[in-house]
Amino acid sequence: MTVHQSPVRLEAALKATGRAVYEAETPMAGMLHAALIQSPIARGRLLGLDVDRVRAMPGFVDLVSHAEAQVLAPSPPLALVRESVIHFAGQPLGLVVAETMQEAEACARAVPLQLAPEPAVTAMSQALDTAFAPDLAGRYPPSSQRGDAAAALAAAHLVVRHRYDTAVNNHHPMEPHSVVCAWEGDHVVVHNGTQAVFLTQRIVAHSFQIPVEQVRVVSRFVGGGFGCKGPLWLPWLMWTILASRRTGRPVRLELTRAQLFNLVGRRQETVQDLALGFDADGRLTAIDHQVLAQTATHGDYSDATATTSRSLYACANVTTGHRVVRTNEPLPAAMRAPGVAPGTFALESAMDEAAQALGIDPVALRVRNYADRDLDADKPWSSNGLLDCYAAAAERFGWAGRPAQARDGRWRVGVGMASSVYPVHRQPCRVKVRIDVDASLLVQCGTQDFGQGLYTAMGQLAADGLGIDMGQVRVELGDTDLPEGPFTGGSMVTASFAPAVDDAVAILRARLAELALADAGSPLAGAEPSDLIFEGGLVRSGSRDAAERLVDLMARCAPEGLEAEGAATLPEAQPFSANGYGAVFVEVGVDPDLGEVRVRRCVAAFAAGRIINAQMAHSQYVGGLIGGIGMALHEQVDTDKATGRIVGDNLADYLIPTHADMPEFDVTMLDEDDPLLPSGIKGIGMLGSAGIQAAIANAVHDAVGKRVRRLPIRIEEILGQ
Ligand code: MOS
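The structure presented is a predicted model; accordingly, all values stated were derived computationally and were not measured.

### A closer look at the environment of Leu49
When you line up the elements, Leu49 lands in strand S2 (residues 44-49). Spatially, the C-alpha atoms of Leu49 and Gln114 are 6.3 Å apart, while their sequence positions differ by 65 residues. Leaving out residues up to four positions away in the same chain, Leu49 has contacts with Ile37, Leu63, Ser65, Leu93, Val111, Pro112 and Leu113.

Structural data, given as structure tokens:
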């Protein structure tokens, strides 16, 4: 069920022609440039920074470090900018501002540092005894127990018990993090590519102890984020804003690609112990999923990696747990399908192992264990299209007629599949919609578009609701001066704003109807409000042959335009659980001599509520699947155990999938009508990023009989013992 108009991305031409101004490009007169001084050691203390040695260098203007940052109000995200303790290699120890970027970088490199190094923990294995249960973003308890998994495993017909490992990944959006900021008196404007303008505004206001009204954060275009343009970037931003206040001039900081490896988050490394128990019919009788993951010495971030195992399948006895180990490495953050991607790699690999041991088709095994309600929350689903996804994707893939042990030249060909799932999240949202005398629309919300197509989707919903052509719609986003909208993440933005747009549009429609019906000069006079249809620039009666052009109605009754603010709030409690679902099937080729793995075909079906724009939704799914291929076959951040530094912190050494690595993607979006969710929307951004990792591992096993339980699956995993 798409809305009537499904246009191409509104800002496509702006971006393709380079006319879209990203925040780092914001011009400002008299701008200074900033560069970070970074720690060469992974643990210890900064005793001193000898600023006098660089004062005379060309262009030097100011240096800000923890000592200068004591004027900022303390808060957890600001810990590192106010203290001299060194937690990881590359940690910023100071920020130099100079007249040019080159001069700032030269000064930053030249500042002598007095350091007191201490022995660092550079791998989880060095500190296992310190593992503790983390807070899972406040959303889920770290452990869970339903029934008695240990007893059920002891009594099971089949037990599949293995350890699954996933590597550290980095987000790497095309656009690096940046800020351009300027003070005017005690007001500050912050141009910042971020997923969270309102959070940024509140933390800037708190840190500088000024009212939020004196802080404006602007983020009109964001060149990708994937989870890393959230809170972890704030400390380095804060030094820049402080330098701008001290110097009385605009300051600009843009992170380098190397800095993106350690200053703005990562997908945490996991070691997952998973045991599945089955009866002779292939019904799950027990799940025990225990996760160990890396976090930093200065923060507790952890993904909710085992939570999918609590509810994806029907199983009476389930135990899950999470523990994290602090290392002197960067703090992790949410990264595409956080938790669900590594968690389903383990669960969906183990399901495949079980299918083989039981002699049951992998799809049939999953169908047999379908959960018709959420046993973890003890609630019904709002809707659950998983079975339809299996059927649709299996059909398009040709799963039933797949050849066994196929070969193609040097390639052994294998196939595999897996389930995907991602929970529905929402945040409150306010939206303003204005119709002018020429029946053009202006839609405004402060939330930011980080490339997923929010400008277009929001404009479409408003245009559709009032029967106005997309050519007549303008959308303004990414500015704290606009009504407050959600954080861009967790696949929640469309689900959050759609009911707010629907609300604003309903108010406008009611007002327009009132004007039309009350006016004796209108052809619609005397009609019932419920009879009116807004379509094709007209307000018309649904039951008789009467209509009026919106422009005529506006000119006569509201020449100054009409405006409405819509709002969507969150319910206190929800009597159901809501997830988007998918099924991913892949065909891989494996060269058994060279260990090379290629994804040759990918067929996926997703059921995730109402789709607003089919073209952009398809693109989101394909992007998610590509990210999943990267996690499965390419991406791994390595820490040098001796120094704690990241090895190969550049895009030549950190492998990401390229066009040559991509198969054809065949994506089916199933119609799903979910009347329990506001505006029927679930959110789709993360759903494509989970499941495919296990589907690839399962297909590799099918091709060459080698079960790889460690991501990424690289040549050495195929050829090694
Ligand atoms: Mo996301 S991983 O919440 O941008």
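### Structural notes on the pattern of salt bridges
The tally for this structure, following the rule as stated, stands at 40 salt bridges. Note that Arg9 and Glu11 form a salt bridge whose closest N and O atoms lie 3.5 Å from each other. Within the structure, one salt-bridge network assembled from shared partners comprises Arg410, Asp591, Glu596, Arg598 and Asp661.

### Considering the packing of aromatic side chains
Scanning the entire structure with this criterion turns up 11 aromatic pairs. Between Phe397 and Phe585, the ring centres sit 5.6 Å apart and the planes meet at 40°, which makes this aromatic pair tilted. Of the two residues, Phe397 sits in helix H11 (residues 386-397) while Phe585 sits in strand S25 (residues 579-590), which places them 188 residues apart along the sequence. Here Phe397 and Phe585 have matching classes, each one buried. The rings of Tyr22, Phe221 and Tyr455 are connected pair by pair, giving a single aromatic cluster. Above the ring of Trp399, the side-chain terminus of Arg402 is found at 3.8 Å from the ring centroid. Across the ring face of Phe397, the terminal group of Arg601 is positioned such that the distance to the ring centre comes to 4.2 Å.

### Quick look at the sheet that holds strand S3 (residues 60-65)
Reading across from one edge, S3-S5-S1-S12-S9-S10-S11 is the order of the seven strands in this open sheet, with mixed pairing throughout. The sheet terminates laterally at S3 and strand S11 (215-218), the two strands that pair on one side only. The mean inter-strand angle of the sheet, taken between neighbouring strand axes irrespective of direction, is 20°. Along the sheet face, helix H3 (residues 101-110) touches strand S1 (32-38), S3, strand S5 (92-98) and strand S12 (251-254) and points at about 25° away from the line of S1. Contacts from helix H5 (residues 197-208) reach strand S9 (178-184), strand S10 (187-192) and S11 within the one sheet, and its direction differs from that of S11 by about 150°.

### Overview of H5
Three- or four-residue spacings in an α-helix give side chains the same orientation, since the helix completes a turn every 3.6 residues. The end-to-end C-alpha distance of H5 is 16 Å, a good match for the 16 Å that 12 residues give at a rise of 1.5 Å each. For H5, the buried fraction is high: nine of the 12 residues fall into the buried class. Packing partners of the buried residues in H5 comprise S9, S10, S11 and helix H6 (234-247). Positioned one or two residues after H5, Gln209 has a phi angle of 50°, which is positive.

Quick notes on the rules
Residues numbered from 1 in each chain as written. Predicted model: local features only at pLDDT ≥ 70, side-chain atom pairs only at ≥ 80, totals over all residues. Heavy atoms only, no water. Helix = DSSP H or I, 4+ residues; strand = E, 2+ residues; numbered from the N terminus. Contact = heavy atoms within 4.5 Å. Salt bridge = Lys/Arg side-chain N within 4 Å of Asp/Glu carboxyl O. Phe/Tyr/Trp six-rings, centres within 6.5 Å; stacked < 30°, edge-to-face > 60°. Buried < 20%, exposed > 50% of the residue type's maximum accessible area, 1.4 Å probe, protein only. Lys NZ or Arg CZ within 6 Å of the ring centre and 35° of its normal. Pairing = 2+ DSSP bridges. Axes fitted to C-alpha atoms, helices over the stretch in contact; angles between N-to-C directions. Expected span 1.5 Å × (residues − 1).

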